[in-house]
Amino acid sequence: MIGTARDLLLQHWQEEKRIASHFSRIMRTRIWLSFGVPLFYALFSPHLEAALAVFAVLAAGWIVRREFVSLRRRVLGEFTQQLDRTDAPELWGILDQLQDQMGIQAAEVSVIVSTRNYGDSPSVIDVEGRPRLVVPLGFFKMLGRAPGAAKAMLAHELAHVVQHDTKLWLLATAYLKGLKLIFLPFTIFAFLAVSLTSVMWMLGNKEQPEYTRSSLPTSQEGLRTRNEKADVITQPILAGLQILLLLAFARGVRQMRNRSEQAADLAAVIFLGG
Ligand SMILES: [Zn+2]
């Protein structure tokens, strides 16, 4: 039973490279759209919202970058240390066995000890194209007391390496933060602002006598009113669509993660037996 499940999982991993690059393309498209749509809007809108849109894009860009850098620093900062093969032979023994079973190139993954972290959950991160397993101090205690659980955790993390999740997640996490902190609040604010403007315009326009609105459509006055009329309808719709788009993006990132986590958990169960 476990043997069959293992074959299926290994077969599934054959496809992983293609799936990962597909996800990576989707992620990049989302990022470009999130930044591009407000900028595109700003380019064609002579109003105050344009300046706000540019500001939101810059702020989101700054947050995504800062988050990206700080996530990397957290695992590769001054309180980390490269683990040599002679340092913890039992850990390397399990890793070698798992890498062999999971079809990971020998010695592809390097190990970093996080000396300030007393938790027991390891994690993986990709730095300059090379996966690194980050092991907190507490994990070594676990390795002695509950080697089975420790091995399952390593299998889970190595599954992320096989699935190429390490390359994507840093970016995905940073992007999700930019989405939540800047893009979504800004878009909701923009939606409320343009909706309010539209309602005010409609109310104000109703009070005007009929002839000032419809007479002489070729005059400057009539033309402006027609443009405004188009604006009050399209702007709330566009802002509403942008909100839906961003919510769909956030959901997509979460789905991508859930899918990877489930496969990694499956791997933990399958490769625990040795
Ligand atoms: Zn995981």
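Preceding this section is the structure that the text describes.
Just so you know, these numbers come straight off a predicted model, no measurement behind them.

## Examining the overall build of the chain
- On a plain count of helices and strands, the chain comes out with nine helices and four strands.
- For the chain, the α and β elements follow one another from N to C terminus as α-α-α-β-α-β-β-β-α-α-α-α-α.
- In the chain, buried positions account for 43% of the 274 residues.
- With the model as given, the accessible surface of the chain reaches about 16000 Å², and the carbon-plus-sulfur share is 63%.

## Here's the deal with the pairing of strand β4 (residues 130-136)
- Of all the seven residues making up β4, six are buried; the element is thus mostly covered by neighbouring parts of the structure.
- Where strand β2 (residues 110-114) lies against β4, five bridges are found, and the strand directions are parallel. Counterpart to V113 in the pairing with β4 is V135.
- Summarising the sheet, strand β3 (residues 123-127) and β4 pair through five bridges and their orientation is antiparallel. Pairing of V124 across the sheet is with L133, part of β4.
- Here β3 folds back onto β4, and the loop between the two strands holds two residues, one of which, E128, carries a positive phi near 50°.

## Things to note about the coordination of the zinc ion
- Protein ligation of the zinc ion involves H156 (NE2), H160 (NE2), E261 (OE) and E261 (OE), the donor distances falling in the range 2.1 to 2.5 Å.
- Positions of the donor residues of the zinc ion along the chain correspond to the pattern H-x3-H-x100-E. Taken together, the residues H156 in helix α6 (residues 147-162) and E261 in helix α9 (residues 220-270) connect sequence positions 105 residues apart.
- By relative accessible area, H156 is classed as buried at 12%.

## Remarks on the pattern of salt bridges
- Going through the model one piece at a time under the given rule, you end up with one salt bridge.
- For R85, the salt bridge goes to D96, with nearest N and O atoms at 2.3 Å. Of this pair, R85 sits in the loop between β1 (80-82) and α4 (89-102) while D96 sits in helix α4; the two residues are 11 residues apart in sequence, bridging distant segments of the chain.
- On the basis of relative accessibility, which here comes to 32%, the residue D96 falls in the partly exposed class.

## A short note on empty space enclosed by the protein
- Scanning the model with the defined rule gives one cavity of 30 Å³ or more in all.
- If you add up the space inside the largest cavity, you get close to 50 Å³.
- Forming the boundary of the largest cavity are E16, A20, F23, Q163, H164, D165, L168, W169, M256, R259 and S260.
- Contributions of two or more residues to the lining of the largest cavity are made by α2 (16-44), α7 (165-207) and α9.
- Residue composition of the lining of the largest cavity, by class: five nonpolar, three polar and three charged.

## So, the nonpolar core
- One finds L91, M102 and F271 to be the most contacted residues of the largest nonpolar core, which totals 31 residues.
- Among the elements of the structure, α1 (2-14), α4, β2, β4, α5 (137-145), α6 and α9 are those that each provide at least two residues to this core.
- Contact partners of L91, with chain neighbours within four places excluded, come to L83, V111, F139, F140, L143 and L154.
- Counting 30 residues, the second largest nonpolar core, distinct from the first, contains M27, F183, L184 and L246.

## Description of the sheet that holds β4
- An order of β1-β2-β4-β3 is seen for the four strands of this open sheet, with the pairing classed as mixed. The strands lining the two open edges of the sheet, one partner per strand, are β1 and β3. On average, each strand axis in the sheet is inclined to that of its neighbour by 35°, with strand direction left out of account.
- Along the sheet, α5 makes contact with β2 and β4, crossing β4 at roughly 75°.
- Where α6 meets the sheet, its contacts fall on β3 and β4, and the angle it forms with β3 comes to roughly 25°.

Rules of the game
Residues numbered from 1 in each chain as written. Predicted model: local features only at pLDDT ≥ 70, side-chain atom pairs only at ≥ 80, totals over all residues. Heavy atoms only, no water. Helix = DSSP H or I, 4+ residues; strand = E, 2+ residues; numbered from the N terminus. Buried < 20%, exposed > 50% of the residue type's maximum accessible area, 1.4 Å probe, protein only. Areas by Shrake-Rupley, 256 points an atom, 1.4 Å probe, with all protein chains shown as cover. Pairing = 2+ DSSP bridges. Donors = N, O, S within 2.8 Å, 3.2 Å for Na, K, Ca; no water. Salt bridge = Lys/Arg side-chain N within 4 Å of Asp/Glu carboxyl O. 1 Å grid on protein atoms, 1.4 Å probe; cavity = no way out; pocket = protein on both sides within 12 Å on 5 of 7 lines; lining within 4 Å. Points joined across faces, edges and corners; volume = space filled by probe spheres on them. Nonpolar A, V, L, I, M, F, W, Y, C, P; charged D, E, K, R; others polar. Core = buried A, V, L, I, M, F, W, Y, C linked by side-chain atoms within 4.5 Å. Contact = heavy atoms within 4.5 Å. Axes fitted to C-alpha atoms, helices over the stretch in contact; angles between N-to-C directions.

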